[in-house]
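# Coordinates in review
So the chains spell out like this:
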Amino acid sequence: MPKLLLKFNAAVIKEIPIDKSAITVGRKPDNDIVIDNPAISGHHCKVVLKGDTHYVEDLESTNGTFVNEKRIMKAGLHHNDVIGLARHALVFIEDAPPPEAAPAAASADGDETMVLSAEKKAEMAAAAAKNSEGEAAKQGFLRVLKGAVGETEYELKGLSTYIGKSDRVQVQIKGSGLFGSAPEVAASIHRKPDGFVLSAVKNGYPVVNGASVSGQVPIKDGDIIECGGTTLQFFFK
């Protein structure tokens, strides 16, 4: 089965099997792949199967969809093609790639990503925190109980919050733990319509209430999350 690798900068965040004829990508939670980035449109692009070929189609996004750094409206996908979406990327992996596929040529593009104001970003985050009845949903937080690197408390403002040792994630960790040195991105926490879930980017590395996590698990008020030498507590305010 072909798949997509969702990457943030150089780190692979998630692996998504292409198990249906169309997969949508965008900022809104009704997409198959949700990317919490204000430069991503609500419904940004989609990957569709037509005949024996997968295509990526731009959905009239504000900042455009790129394949191997070239802006496209629609393009066929080949093994290892990179779909560029702001700081994120989707790498297309064929089920049975050709043995000696030639690398796709990259071309420079002069289009620049629109820089959104802090007010606009806050507005988007606030909209994501509303439930279907228009009332404010519970706001999630992480409290550092052990091994603080930056702040001692983090508000989970967006749809996704990343945890790792990279200086580009929202919650930094330290220490090695049982599985070697801390990864650039160890885990992520995602806001869903019915609550929050923790997703293991490095399977088995994050521990929730004493149990190693592979895949996704729901998290509840008071749950303890361990990543390497850092211990966090999830709670609501």
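Owing to the predicted nature of the structure, the values given are computational and were not obtained by experimental measurement.

### Quick word on the side chain of Thr161
- By the element assignment, Thr161 lies in strand E14 (residues 160-164).
- With sequence-adjacent residues up to four places away left out, Thr161 is seen in contact with Leu156, Gln170, Val171, Ala187, Ser188 and Ile189.

### A word on the nonpolar core
- Leu142, Ile163, Ile189, Leu198, Ile219 and Ile225 are the most contacted members of the largest nonpolar core, which totals 22 residues.
- Listed by contribution, the elements that provide at least two residues to this core are strand E12 (140-146), strand E16 (187-192), strand E17 (195-200), strand E21 (224-227) and strand E22 (230-236).
- Sort the elements by how many residues they give to this core and E17 lands first, with three residues.
- When sequence neighbours within four positions are dropped, the list of residues in contact with Ile189 reads Leu142, Leu156, Leu159, Ser160, Thr161, Ile163, Phe196, Val197, Leu198, Ile219 and Ile225.
- Within the second largest apolar cluster, 20 residues are counted, among which are Val67, Ile72, Leu77 and Leu85.

### So, the side chain of Gln139
- Note that Gln139 resides in the loop between helix H1 (118-128) and E12.
- Take Gln139: its relative accessible area is 14%, and that puts it in the buried class.

### Notes on the sheet that holds E16
- The five strands are arranged E15-E14-E16-E17-E20 in an open sheet whose pairing can be described as mixed. Each edge of the open sheet is held by one strand with a lone partner, namely strand E15 (171-172) and strand E20 (216-219).
- In this sheet, E20 lies alongside E17 in antiparallel orientation, the contact comprising four bridges. Pairing of Ser199 across the sheet is with Gln216, part of E20.

### Section: the packing of aromatic side chains
- As enumerated under the stated definition, the model contains five aromatic pairs in all.
- Where Phe8 meets Tyr162, the ring centres are 5.7 Å apart and the plane angle is 15°; that geometry is what we call stacked. On the criterion of sequence distance, the pair formed by Phe8 in strand E1 (residues 3-8) and Tyr162 in strand E14 is long-range, its members being 154 residues apart.
- With relative accessibility at 7%, the residue Tyr162 sits in the buried group.
- Taken together, a centroid distance of 5.9 Å and an interplanar angle of 55° make the contact between Phe196 and Phe236 tilted. Placement of Phe196 in strand E17 and of Phe236 in strand E22 is noted, with a sequence separation of 40 residues between them.
- By relative accessible area, Phe196 is classed as buried at 6%.
- We note Lys74 situated over the ring of Tyr55; from NZ or CZ to the ring centre the distance is 5.0 Å.
- For the cation-ring pair, Arg143 lies above Phe235, with the distance from its terminal atom to the ring centre recorded as 4.0 Å.

### Overview of the confidence of the model for the protein chain
- On average, the protein chain scores 81 in pLDDT, and the residues at 70 or more come to 80%.
- For the protein chain, per-element mean pLDDT is lowest for H1, which scores 57, and highest for strand E3 (residues 22-26), which scores 95.
- Within the model, the stretch residues 101-113 combines pLDDT values under 50 with 15 contacts to residues more than four positions away or in other chains.
- Confidence drops under pLDDT 50 across residues 131-136; counting only partners more than four residues distant or on other chains, this segment forms four contacts.

### Description of the environment of Gly76
- You can see Gly76 is positioned in strand E9 (residues 74-76).
- Accessibility expressed as a relative area gives 26% for Gly76, which makes it partly exposed.
- Separated by 27 residues in the primary sequence, Gly76 and Leu49 have C-alpha atoms spaced 9.6 Å apart.
- Setting aside chain neighbours within four positions, we find Gly76 in contact with Thr53, His54, Tyr55 and Asp81.

### A short note on the environment of Ile13
- Mapped onto the elements, Ile13 comes out in strand E2 (residues 11-17).
- On the accessibility criterion, Ile13 (5% relative accessible area) is buried.
- Apart from residues lying up to four places away in sequence, Ile13 is in contact with Leu6, Lys7, Phe8, His88, Tyr162 and Val201.

### Notes on the sheet that holds strand E11 (residues 88-93)
- Spatial ordering of the open sheet is given by E2-E1-E11-E10-E7-E8, a layout of six strands whose pairing is antiparallel. Both outer strands of the open sheet, E2 and strand E8 (70-72), are each paired with one neighbouring strand and no more. Sheet twist, expressed as the mean angle between neighbouring strand axes with direction ignored, is 30°.
- Relative to strand E10 (residues 82-85), strand E7 (residues 65-67) is paired through two bridges, and the arrangement is antiparallel. Within E10, the residue paired with Phe66 across the bridge is Gly84.

Cut-offs and rules
- All residue numbers refer to positions counted from 1 along the written sequence of the respective chain.
- In view of the model being predicted, local features appear only for residues whose pLDDT reaches at least 70, and side-chain atom pairs are presented and counted only at 80 or more, with totals across whole chains, interfaces and linings using the full set of residues.
- Computation of side-chain values covers all heavy atoms of the structure but excludes hydrogens and water.
- Where helices and strands are cited, they refer to DSSP runs of H or I of at least four residues and of E of at least two residues respectively, numbered from the N terminus.
- Any two residues whose heavy atoms approach within 4.5 Å at even a single point are treated as in contact.
- To qualify as a nonpolar core, a set must consist of buried Ala, Val, Leu, Ile, Met, Phe, Trp, Tyr and Cys residues joined through side-chain atoms within 4.5 Å.
- Note on classification: 1.4 Å probe, protein chains only; a residue is buried when its accessible area is under 20% of the maximum for its type, exposed when over 50%, partly exposed between these limits.
- Strand pairing follows a simple DSSP-based rule, namely that at least 2 bridges must link the two strands.
- What counts as a ring pair is set by centres within 6.5 Å for rings of Phe, Tyr and Trp (its six-membered ring), and what kind of pair is set by the plane angle: stacked under 30 degrees, edge-to-face over 60, tilted for all other angles.
- By the criterion adopted, a ring carries a charge over it if an Arg CZ or a Lys NZ lies within 6 Å of its centre and within 35 degrees of its normal.
- The predictor attaches a confidence to each residue, called pLDDT, with possible values from 0 through 100.
- To obtain an axis, a line is fitted to C-alpha atoms, over the contacting stretch when the element is a helix, and the angle between two such axes runs from 0 to 180 degrees between their N-to-C directions.

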